[in-house]
Amino acid sequence: MSVEILANRRIPSATPEMVWISDQIASRIVTAGFAYETVVEAFLVHAAGDFVQPPKPFVRPGGAEKEYERGYLVGMPAYVGGSFDTLGAKLITGFPINLARGIPRASGVVVLFDTTTGAPAAIVDCRTISARGAAATASTCVDCLGAKTSLRVAVLGAGPVAHETVISLFMTRSRPIDSVLIFDPVGDRARAIVEAVSPFTDVPVQLAPSARQCLADANVVIAATTGAKAYVQPDWLDDSWLIIALSSDDFVPDIILSADKLICDDFVQSGQEDMLFPRLVRSGAIGQERLYGELSQIVAGRIAGREAAERIFVNPTGMAIQDLAIAARVCATEACRAGARPLTS
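Quick summary incoming for the structure in this document. All values derive from a computational prediction rather than experimental measurement. (Residues numbered from 1 in each chain as written. Predicted model: local features only at pLDDT ≥ 70, side-chain atom pairs only at ≥ 80, totals over all residues. Heavy atoms only, no water.)

Focus: the overall build of the chain
Stage number 1. In terms of regular secondary structure, the chain is built from 14 helices and 16 strands.
Stage number 2. Computed over C-alpha atoms, the radius of gyration of the chain comes to 21 Å, within 12% of the 20 Å expected from 2.2 N^0.38 for 345 residues, which places it in the range of a compact globule.
Stage number 3. Overall, the C-alpha framework of the chain stretches about 70 × 45 × 45 Å when taken along its three principal axes.
Stage number 4. Per-residue burial for the chain yields a buried fraction of 51% across its 345 residues.
Stage number 5. Within the chain, contacts between residues at least 6 apart in sequence are counted, and of these 70% link residues at least 24 apart.
Stage number 6. Counting every atom, the chain has about 15700 Å² of accessible surface; 54% of that belongs to carbon and sulfur.
Stage number 7. One finds the centroid of the 30 positive side-chain charges in the chain at a distance of 3 Å from the centroid of its 37 negative side-chain charges. (Helix = DSSP H or I, 4+ residues; strand = E, 2+ residues; numbered from the N terminus. Rg over C-alpha atoms; globule rule 2.2 N^0.38 Å. Buried < 20%, exposed > 50% of the residue type's maximum accessible area, 1.4 Å probe, protein only. Contact = heavy atoms within 4.5 Å. Areas by Shrake-Rupley, 256 points an atom, 1.4 Å probe, with all protein chains shown as cover. Lys, Arg positive; Asp, Glu negative; His and termini not counted. Charge placed at Lys NZ, Arg CZ, Asp CG, Glu CD.)

What follows is the structure, given as structure tokens:
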């Protein structure tokens, strides 16, 4: 490239100042509806192929055998195109032992970079972004793949993601929900969801005394647990179901393999994590030919969703492009610009 061409190129005169956006600010901006609309748009960008999302690197300081105490760090770099045009990475840790300490199991940030200069532009606490983004994914699955009438929802787990998922199901659009049952063995977390949601709906939202009773009459099962392993048995389920495995280790392999349709959010990433669905992918029990499609293809209308009284298993591992999309939308709001804190040297 000639010196003259370089001299005429439009180069920014100054590097934008990097800002810190706390979860307090993000949580006020990212309502259930905000997350839902953004995640749906991100799915459409994914379906169009306008993204770059490499495999997630995992760092386990103590190895897999000491993950409970020593935890892990996941790097999720990506570029999401479309109207987002956003480059960045989500960095998230998981320390299962934190639940016994009474503090959140997961913590993380989204780092955004200027797509013109490459300079870091923002660091966003992603506690709310992650939970409400996952909840929006679950709601999208229900819309595309659930029964059209008489949804009987069972929720396994009552942590932040489960809490936000129940809120999302009721707040983001009208759905034919007949009932919601929640089971969680840890303290009063499930009761807290019931008490938070019940005043805003006439639909019964109730506690289940056991996991099996929670699933007994359900046609939608949403698993959002931590550390639960292969306890849900095939005879606990109805003949036709939609399982949204925000945590996939809850189910025995026969349940996944018996599905009429197996769906993931991104097949390349679905073989990475050390959970049941990825293990089945890596072992060859689930090959790409066995996969019905990616969720974004259904959202975009390229392939059909539910077509009959089917068994549908969805494994949404969580895509970086969704977190980046939500973070970018947060940064574009006046509320964020007013509350963001500059990170000066």
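A word on the pattern of salt bridges
Stage number 1. Applying the stated criterion across every chain, the model contains 16 salt bridges.
Stage number 2. Here D143 makes a salt bridge to R173, at a shortest N to O gap of 3.5 Å. Highlighted residues: D143 in helix α6 (residues 127–145) and R173 in the loop between α7 (160–171) and β9 (177–183), separated in sequence by 30 residues.
Stage number 3. When the shortest N-O distance is used, the salt bridge between E307 and K261 registers 2.8 Å. In this pair, E307 sits in the loop between α12 (295–299) and β15 (311–315) while K261 sits in strand β13 (residues 261–264), placing the two residues 46 residues apart along the sequence.
Stage number 4. Look at E307 and you get exposed, because its relative accessible area is 55%. (Salt bridge = Lys/Arg side-chain N within 4 Å of Asp/Glu carboxyl O.)

Structural notes on the sheet that holds β9
Stage number 1. Spatially, β10-β9-β8-β11-β12-β15-β13-β14 is the arrangement adopted by the 8 strands of the open sheet, whose pairing is parallel. Edge strands, defined here as strands with exactly one partner in the open sheet, are β10 (205–207) and β14 (293–294).
Stage number 2. Sheet topology places strand β8 (residues 151–156) next to strand β11 (residues 220–223); 4 bridges connect them, and they run parallel. Counted as the bridge partner of V155 is I222 from β11.
Stage number 3. On top of the sheet, α6 reaches β8, β11, β12 (241–245), β13 and β15; it is set at about 160° to β12, its chief contact.
Stage number 4. Most of the contacts of α7 go to β9, to which it runs at about 175°, and overall it touches β8, β9, β10 and β11. (Pairing = 2+ DSSP bridges. Axes fitted to C-alpha atoms, helices over the stretch in contact; angles between N-to-C directions.)

Describing the state of the cysteines
Stage number 1. In the structure shown here, the tally under the stated rule is 0 disulfides.
Stage number 2. Among the cysteines around C141, which has no disulfide bond, C144 carries the closest sulfur, lying 7.3 Å off.
Stage number 3. The thiol of C331 is unpaired, and the distance to the nearest cysteine sulfur, on C336, comes to 4.6 Å.
Stage number 4. The partly exposed category is assigned to C331, whose relative accessible area is 21%. (Disulfide = S-S within 2.5 Å.)

Concerning the nonpolar core
Stage number 1. Ranked by internal contacts, the top residues of the largest apolar core, which has 70 residues, are I21, L145, V153, I182 and I244.
Stage number 2. In this view, L145 contacts L242, I263, L295, I298, G305, R306, I312 and V314; residues no more than four positions away in its chain are not counted.
Stage number 3. Within the second largest apolar cluster, 31 residues are counted, among which are L156, A208, I286 and L291. (Core = buried A, V, L, I, M, F, W, Y, C linked by side-chain atoms within 4.5 Å.)

A closer look at the environment of Q297
Stage number 1. By the secondary structure assignment, Q297 is in helix α12.
Stage number 2. Classification of Q297 by relative accessible area gives partly exposed; the value is 28%.
Stage number 3. Measuring from C-alpha to C-alpha, the distance between Q297 and L257 comes to 21 Å, with 40 residues separating the pair along the chain.
Stage number 4. In this structure Q297 touches R302 and I303, once residues within four positions along its chain are discounted.

Let's talk about helix α3 (residues 32–48)
Stage number 1. If you check α3, its first and last C-alpha atoms are 25 Å apart, about what 17 residues at 1.5 Å a residue would give, namely 24 Å.
Stage number 2. Among all positions of α3, only A32, F34, A35, Y36, T38, V39, A42, F43, V45, H46 and A47 are buried. (Expected span 1.5 Å × (residues − 1).)

Focus on the environment of S240
Stage number 1. Inspection of the secondary structure puts S240 in the loop between β11 and β12.
Stage number 2. With near-sequence residues (within four places) excluded, S240 lies in contact with N219, R306, A309 and E310.
Stage number 3. A distance of 3.4 Å separates a polar atom in the side chain of S240 from a polar atom in the side chain of R306.
Stage number 4. Here the side chain of S240 touches E310 through a polar contact of 3.1 Å, landing on its backbone oxygen. (Polar contact = N/O pair within 3.5 Å; in protein donor to acceptor, adjacent residues only side chain to side chain.)

So, a nonpolar patch on the surface
Stage number 1. A cluster of nonpolar residues, V59, L73 and L91, forms a patch on the protein surface that exposes about 220 Å² of accessible area.
Stage number 2. With respect to the helices, strands and loops of the structure, L73 is situated in strand β4 (residues 72–80).
Stage number 3. L73 gets classed as partly exposed once you look at its relative accessible area, which sits at 33%. (Patch = residues over 30% accessible without salt bridge, like charges linked within 9 Å, V, L, I, M, F, W, Y side chains within 5 Å.)

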